[in-house]
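Per-entry structural report
Residue strings, one per chain:
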Amino acid sequence: MQSVSSQQVQAQTGSKKSKLSSIGFQKRRESVTGISFVLPAVILLIIFLLLPFMLAVVFGFTKFNLLRPDQIKFIGFDNYVLLLKDKLFYKSLYNTMYFTVIVVPVQSAVALMLALLVNNRLKMRNVFRIAYFSPVITSMTVIAILWISLYNPNEGLINSALHWLGIPKQPFLRSASQAMNSIIFMSVWQAAGYQMMIFLAGLQSIPKDLYEASAMDGANKLQQLKYITIPNLYNVIVFVLTITTIQAVKLFTQPYVMTNGGPENSTRTLALLIYQQGFQFRNAGYASAVSVIFFLLVVIISFSMKKFLKDR
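Criteria and thresholds
- Residues numbered from 1 in each chain as written.
- Predicted model: local features only at pLDDT ≥ 70, side-chain atom pairs only at ≥ 80, totals over all residues.
- Heavy atoms only, no water.
- Helix = DSSP H or I, 4+ residues; strand = E, 2+ residues; numbered from the N terminus.
- Expected span 1.5 Å × (residues − 1).
- Polar contact = N/O pair within 3.5 Å; in protein donor to acceptor, adjacent residues only side chain to side chain.
- Core = buried A, V, L, I, M, F, W, Y, C linked by side-chain atoms within 4.5 Å.
- Buried < 20%, exposed > 50% of the residue type's maximum accessible area, 1.4 Å probe, protein only.
- Contact = heavy atoms within 4.5 Å.
- Pairing = 2+ DSSP bridges.
- Axes fitted to C-alpha atoms, helices over the stretch in contact; angles between N-to-C directions.
- Parallel < 35°, antiparallel > 145°, perpendicular 65-115°, else oblique.
- Nonpolar A, V, L, I, M, F, W, Y, C, P; charged D, E, K, R; others polar.
- Left-handed = near helix turned anticlockwise from the far one by under 90°.
- Phe/Tyr/Trp six-rings, centres within 6.5 Å; stacked < 30°, edge-to-face > 60°.

**Remarks on helix H3 (residues 87-119)**
Between its first and last C-alpha, H3 extends 47 Å over 33 residues, near the 48 Å set by a 1.5 Å rise per residue. The N-cap residue of H3 is Asp 86: its side-chain oxygen and the backbone nitrogen of Leu 88 are 3.0 Å apart.

**Some words on the nonpolar core**
Ranked by internal contacts, the top residues of the largest apolar core, which has 23 residues, are Phe 99, Trp 147, Tyr 151, Ile 184, Met 186 and Met 258. Mapped by element, the contributors of at least two residues to this core are H3, helix H5 (140-150), helix H7 (179-204), helix H10 (234-249) and helix H13 (284-311). Not counting residues up to four positions away in its chain, the partners in contact with Ile 184 are Tyr 98, Phe 99, Ile 102 and Val 103. Within the second largest apolar cluster, 18 residues are counted, among which are Leu 112, Ile 206, Val 240 and Ile 243.

**Quick notes on the pairing of strand E1 (residues 62-65)**
Burial of E1 is one-sided: the residues Thr 62 and Phe 64 facing one way are buried, the residues Lys 63 and Asn 65 facing the other way are not. Relative to strand E2 (residues 68-74), E1 runs antiparallel, the two being bridged by three bridges. Its bridge partner lying in E2, Lys 63 is registered against Lys 73. Between E1 and E2, which pair antiparallel in sequence order, lie two residues.

**Focus on the packing of H5 against helix H6 (residues 157-164)**
For the pair H5 and H6, the least separation of the axes is 6 Å and the interaxial angle reads 30°. In this view, H5 runs roughly parallel relative to H6, as classed from their interaxial angle. On H6, the residues touching Trp 147, Ser 149 and Leu 150 of H5 are Leu 157, Ile 158 and Asn 159. Residue composition of the contact of H5 with H6, grouped by class: four nonpolar, two polar and no charged.

**Structural notes on unusual backbone geometry**
For the peptide bond that leads from Gly 262 to Pro 263, omega is -10°, which places it in the cis range. With phi around 55°, Phe 172 is a residue other than glycine that occupies positive phi space. Among the residues examined, Phe 172 registers a relative accessible area of 11% and is labelled buried. Although it is not a glycine, Arg 282 sits at a positive phi angle of roughly 60°. With respect to the helices, strands and loops of the structure, Arg 282 is situated in the loop between helix H12 (270-280) and H13.

**A closer look at the environment of Gly 156**
Among the secondary structure elements, Gly 156 is positioned in the loop between H5 and H6. Judged by relative accessible area, Gly 156 falls into the buried class, the value being 0%. Distance in space between the C-alpha atoms of Gly 156 and Lys 169 is 9.6 Å, their sequence separation being 13 residues. With sequence-adjacent residues up to four places away left out, Gly 156 is seen in contact with Ser 149 and Leu 150.

**What about the packing of helix H8 (residues 208-216) against helix H9 (residues 221-232)?**
Contact pair H8 / H9: the axes reach a minimum separation of 11 Å and the direction vectors enclose 165°. The angle between H8 and H9 falls in the class roughly antiparallel. Judged by the sense of rotation from one axis to the other, the crossing of H8 with H9 is right-handed. Residues Leu 210, Tyr 211, Ser 214 and Ala 215 of H8 pack against Gln 224, Ile 228, Thr 229 and Asn 232 of H9.

**Brief notes about the packing of aromatic side chains**
For the structure on display, the rule yields 15 aromatic pairs. An angle of 90° between the planes, with centres 5.1 Å apart, marks the rings of Phe 61 and Phe 77 as edge-to-face. Of the two residues, Phe 61 sits in the loop between helix H1 (2-59) and E1 while Phe 77 sits in the loop between E2 and helix H2 (78-85), which places them 16 residues apart along the sequence. On the basis of relative accessibility, which here comes to 57%, the residue Phe 77 falls in the exposed class. Between the aromatic rings of Phe 61 and Tyr 80, the centroid separation amounts to 5.7 Å while the plane-to-plane angle is 50°, which identifies the pairing as tilted. Here Phe 61, found in the loop between H1 and E1, pairs with Tyr 80, found in helix H2; they are 19 residues apart in sequence, far enough to count as distant. Among the aromatic side chains, those forming a connected cluster through ring pairs are Trp 147, Tyr 151, Phe 172, Phe 185 and Trp 189.

**Some thoughts on the side chain of Asn 119**
Among the structural elements, Asn 119 can be located in helix H3. When its relative accessible area of 18% is taken as the criterion, Asn 119 is described as buried. Apart from residues lying up to four places away in sequence, Asn 119 is in contact with Arg 125, Leu 200, Leu 203, Gln 204 and Lys 208.

**What about the environment of Phe 281?**
Structurally, Phe 281 can be placed in the loop between H12 and H13. By relative accessible area, Phe 281 is classed as exposed at 53%. Through-space distance from the C-alpha of Phe 281 to that of Asn 65 is 8.6 Å; in sequence the pair is 216 residues apart.

Everything listed here is a matter of coordinates, which is why it stays silent on function.
So this is what it looks like as structure tokens:
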């Protein structure tokens, strides 16, 4: 009897060990599978984000001409000292912040209004959705070239319409006081459709019962917007404001194609300044220093905005 019981104990022990080893093997296999899915994204992140930033930090302490990489020279904080004395840097910083402060609330508000419009049961609402979203899928370079012709002081369609209305023709992109505002108007028109689709998805997730119950209680459309729509869209609004801010701070294509930073540096942004210093003037060391400041600025704005919206 004792031998039989000991054999049973050994069999049970062996069964438990086999189960544990099977479970361990399954967990290892799941871990390997998960890592295999994540690894390509991590590699791309390291190659195209982390490594360039590390190189920018290193090159920011050097005098580095792109055409003469063999003559790179360590100069310490000279690039950052020069940056703090550079009036063009402050002008570019101001233009970037001005564009961001105006575009983010205006574009988000326009996108929300468009989403509310196309969310209603209107005739041909799918046509309106396509019309509002089509500028987003069009190349920004193509959009910029199109709006250059629209803003033409002499033969542009906008000035022709203004002349027909009895309003004097405007210089738009050729005026230091109007160029950035003209780019802002075009940018809002081009990108509002993207935020509209995000808001539309959020609107369609709000239960219809809330609107029906509030209507029975006598709530009007404005009260429904204030007490039902906006609170239920809070997370969507936070997301839209965050991505719009990041995109606005990185403004490059519009001023590069439409004005090349002019007139009188009124549309020169930090991204455009980095490109011109690095690739036009071949001053990669100074461009790297500006890039580091630019990166830190984006991080500070993103975290500050997240904290502010979270507190709200």
